[in-house]
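Observations on the three-dimensional arrangement
Now for the letters of each chain:
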Amino acid sequence: MAPNSDTPAQNPNKQHTLAKMVRIKGSGLHSGASVTMKLRPAEPNTGIRFRRVDLEGKPEIPADVDLVVDVSRGTTLEKNGVRVATVEHLMAALVGMAIDNAVVELDAEEVPIKDGSAAPFVKALAKVGWEEQDADRQYVDLDSELRYADDERGVELVAMPEDHYAVTCLIDFDSPVLAQQHASLEAIEDFPEHIADARTFCFLHELEALYEANLIRGGDLNNAIVIVDHEVDEAEMDRLRKMFNKKHVKVRRNGILNNKKLRYTNEPARHKLLDVIGDLALAGRPLRGKVIATRPGHAANIAFARLIKARIKEMRHKVEAPIYDPNAEPVFDINEIKSERFGSNDVLADVCQNLRSLFGPRNPNHAIRFDLRLQIGQIGFELCIGFAKA
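Here goes a summary of the coordinates provided. (Residues numbered from 1 in each chain as written. Predicted model: local features only at pLDDT ≥ 70, side-chain atom pairs only at ≥ 80, totals over all residues. Heavy atoms only, no water.)

1. So, the overall build of the protein chain
Assigned secondary structure in the protein chain consists of 9 helices and 20 strands. Residues counted as buried form 45% of the 390 residues belonging to the protein chain. Pairs at least 24 residues apart make up 70% of the contacts formed inside the protein chain by residues separated by at least 6 positions. Put simply, the protein chain shows about 21,000 Å² of open surface, and 47% of that area lies on carbon and sulfur atoms. (Helix = DSSP H or I, 4+ residues; strand = E, 2+ residues; numbered from the N terminus. Buried < 20%, exposed > 50% of the residue type's maximum accessible area, 1.4 Å probe, protein only. Contact = heavy atoms within 4.5 Å. Areas by Shrake-Rupley, 256 points an atom, 1.4 Å probe, with all protein chains shown as cover.)

Structural data, given as structure tokens:
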């Protein structure tokens with residue numbers, strides 16, 4: 001156990017959970033509703049599960065890509081009519097801190113937006129620390145390239161085989177204020193320091209449309225970067241003041257609303273990378289691979305997460321071929337097999353007869369069939385027992 005640890009869990013081969021419960025309060029980005037979120041430790045192989053404690057029966061929703069129902073302005077899960085919205089920043093924080101198992105209790109539909117990044121969640125997890133569990137981590141290990149593309153929108157996500165998880169993100173909004181940017185995370189262990197505090201962002205024209213659609217009611221100029229992509233006159237500025245209930249709203253020279261200072265020159269690209277990590281976590285297993293995301297968004301991220309989950313299902317049914325090493329010392333050689341150590345065919349027949357007497361069928365219409373097979377390679381006998389009609 002590592003209480004008050006500022007770093008992710010250190011043993012990559014074992015599962016981890018929180019050392020104890022932690023509480024986070026805030027408001028939902030779109031609803032504006034107050035929400036209290038409690039992250040609780042969970043047993044091995046639980047995964048991440050959301051629990052709506054404000055509803056009768058406290059229904060649970062697994063963090064599963066198959067339950068994603070909306071990706072318009074965040075990632076929303078739904079099961080049996082019960083929803084949990086804006087889960088991506090919390091999911092990214094859990095991945096970045098190597099937490100495999102947790103129950104997330106919410107008394108409202110949305111995860112709190114806080115400052116628009118994953119940093120508040122990372123700090124809360126670091127405060128309570130993590131606990132190593134007696135269960136092995138099950139990874140997604142790629143043996144070939146995995147690719148999703150939307151050629152019409154110029155979107156592509158590719159995952160290539162690698163012995164660790166790394167992500168590179170490239171964005172291009174064809175805007176004089178926010179054009180091409182890229183961000184890279186070479187090791188997931190660096191997430192808390194280099195990616196977690198990158199805040200969400202939107203363009204001013206999107207902001208006004210969202211507000212008119214009765215969304216972003218919990219939005220604040222302190223929890224999102226607003227990029228001004230057109231000339232703003234005094235009338236529009238006055239509407240923005242009323243929208244956010246702020247007396248002073250202005251535009252910086254770099255096109256950021258309300259004199260906000262960026263934490264990084266490429267903060268938007270870093271946040272898009274954060275979203276990729278959070279959305280791909282819904283595939284259900286930690287990934288070992290190099291992901292390159294070009295112009296990603298929640299829709300593309302979720303489509304790619306579904307491809308990863310399909311690969312997981314393939315892996316479960318894949319039978320690994322035995323490894324044959326001709327230079328290895330043989331278990332037996334042909335002379336031993338011919339020797340008295342194994343005896344003659346009469347000895348083998350006696351073995352079969354003894355087995356029949358022990359395991360003979362109770363139904364007289366059936367008989368046991370015995371097959372003795374000689375395995376060439378690492379030589380040995382294989383005994384197969386089956387039932388057949390007499």
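Read on, since the account is not over.
2. A few points about the sheet that holds strand E2 (residues 22-27)
The 5 strands are arranged E2-E3-E9-E4-E5 in an open sheet whose pairing can be described as mixed. Each having just a single partner strand, E2 and strand E5 (60-62) make up the two edges of the open sheet. Taken over all neighbouring pairs, the strand axes of this sheet differ in orientation by 20 degrees on average, direction set aside. Sheet topology places strand E4 (residues 48-52) next to E5; 3 bridges connect them, and they run antiparallel. By the bridge assignment, Arg51 is partnered in E5 with Glu60. With respect to the sheet, helix H2 (residues 119-128) is in contact with E2 and strand E3 (34-41), its orientation differing from that of E2 by roughly 160 degrees. (Pairing = 2+ DSSP bridges. Axes fitted to C-alpha atoms, helices over the stretch in contact; angles between N-to-C directions.)

3. Re the environment of Glu145
Along the chain, Glu145 turns up in the loop between strand E11 (140-141) and strand E12 (146-150). Spatially, the C-alpha atoms of Glu145 and Ala159 are 5.8 Å apart, while their sequence positions differ by 14 residues. When near neighbours in sequence (up to four residues on either side) are disregarded, Glu145 contacts Val158, Ala159, Met160, Pro161 and Arg311.

4. Topic: the packing of helix H1 (residues 88-96) against H2
Close contact between H1 and H2 brings their axes to 8 Å; oriented N to C, the two are set at 40 degrees. On the basis of their axis angle, the class for H1 and H2 is oblique. In this structure, H1 meets H2 at a crossing whose hand is right-handed. The segment H1 lies against H2, with His89, Leu90, Ala93 and Leu94 engaging Phe121, Val122 and Leu125. The class makeup of the residues in the contact of H1 with H2 is 6 nonpolar, 1 polar and no charged. (Parallel < 35°, antiparallel > 145°, perpendicular 65-115°, else oblique. Left-handed = near helix turned anticlockwise from the far one by under 90°. Nonpolar A, V, L, I, M, F, W, Y, C, P; charged D, E, K, R; others polar.)

5. Remarks on the packing of H1 against helix H6 (residues 267-280)
Between H1 and H6, the least distance of the axes is 7 Å, while the angle of their chain directions is 80 degrees. Taken as axis vectors, H1 and H6 run roughly perpendicular relative to one another. Side by side, H1 and H6 meet where Glu88, His89, Met91, Ala92 and Val95 of the first sit next to His271, Leu274, Asp275, Ile277, Gly278 and Asp279 of the second. Here the residues of the contact of H1 with H6 are counted per class, giving 5 nonpolar, 3 polar and 3 charged.

6. Brief notes about the sheet that holds strand E7 (residues 76-79)
Ordered by their spatial adjacency, 3 strands build an open sheet running E6-E7-E8, and the pairing between neighbours is antiparallel. Only two strands of the sheet have a single partner each, and these edge strands are strand E6 (68-70) and strand E8 (82-84). Strand-to-strand twist of the sheet, defined as the mean angle between neighbouring strand axes without regard to direction, takes the value 40 degrees. Two elements, E7 and E8, share 3 bridges in a ladder whose sense is antiparallel. Within E8, the residue paired with Lys79 across the bridge is Val82.

7. Comments concerning unusual backbone geometry
One non-glycine residue, Thr86, adopts positive backbone phi at about 55 degrees. Along the polypeptide, Thr86 turns up in the loop between E8 and H1. Thr86 sits in the buried class, given a relative accessible area of 7%. Positive phi is not limited to glycine here, since Arg295 has a value of about 55 degrees. When you line up the elements, Arg295 lands in the loop between strand E18 (287-294) and helix H7 (298-317). Exposure remark for Arg295: the relative accessible area of 39% places this residue in the partly exposed category.

8. Some words on the pattern of salt bridges
Counted according to the given criterion, the structure contains 18 salt bridges. Residue Asp143 pairs with Arg311 through a salt bridge whose shortest N-O separation is 3.7 Å. One end of the pair, Asp143, is in the loop between E11 and E12; the other, Arg311, is in helix H7, with 168 residues separating them in the sequence. A residue is classified by how much of its surface remains accessible, and Asp143, at 54% relative accessible area, is exposed. Classification of Arg311 by relative accessible area gives buried; the value is 13%. Residue Arg311 is joined to Glu314 by a salt bridge in which the shortest nitrogen-to-oxygen separation is 3.6 Å. Placement of both Arg311 and Glu314 in helix H7 is noted, with a separation of 3 residues, approximately one turn of the helix. Shared partners join several salt bridges into a network, and the residues in it are Arg40, Arg49, Arg51, Glu60 and Glu105. (Salt bridge = Lys/Arg side-chain N within 4 Å of Asp/Glu carboxyl O.)

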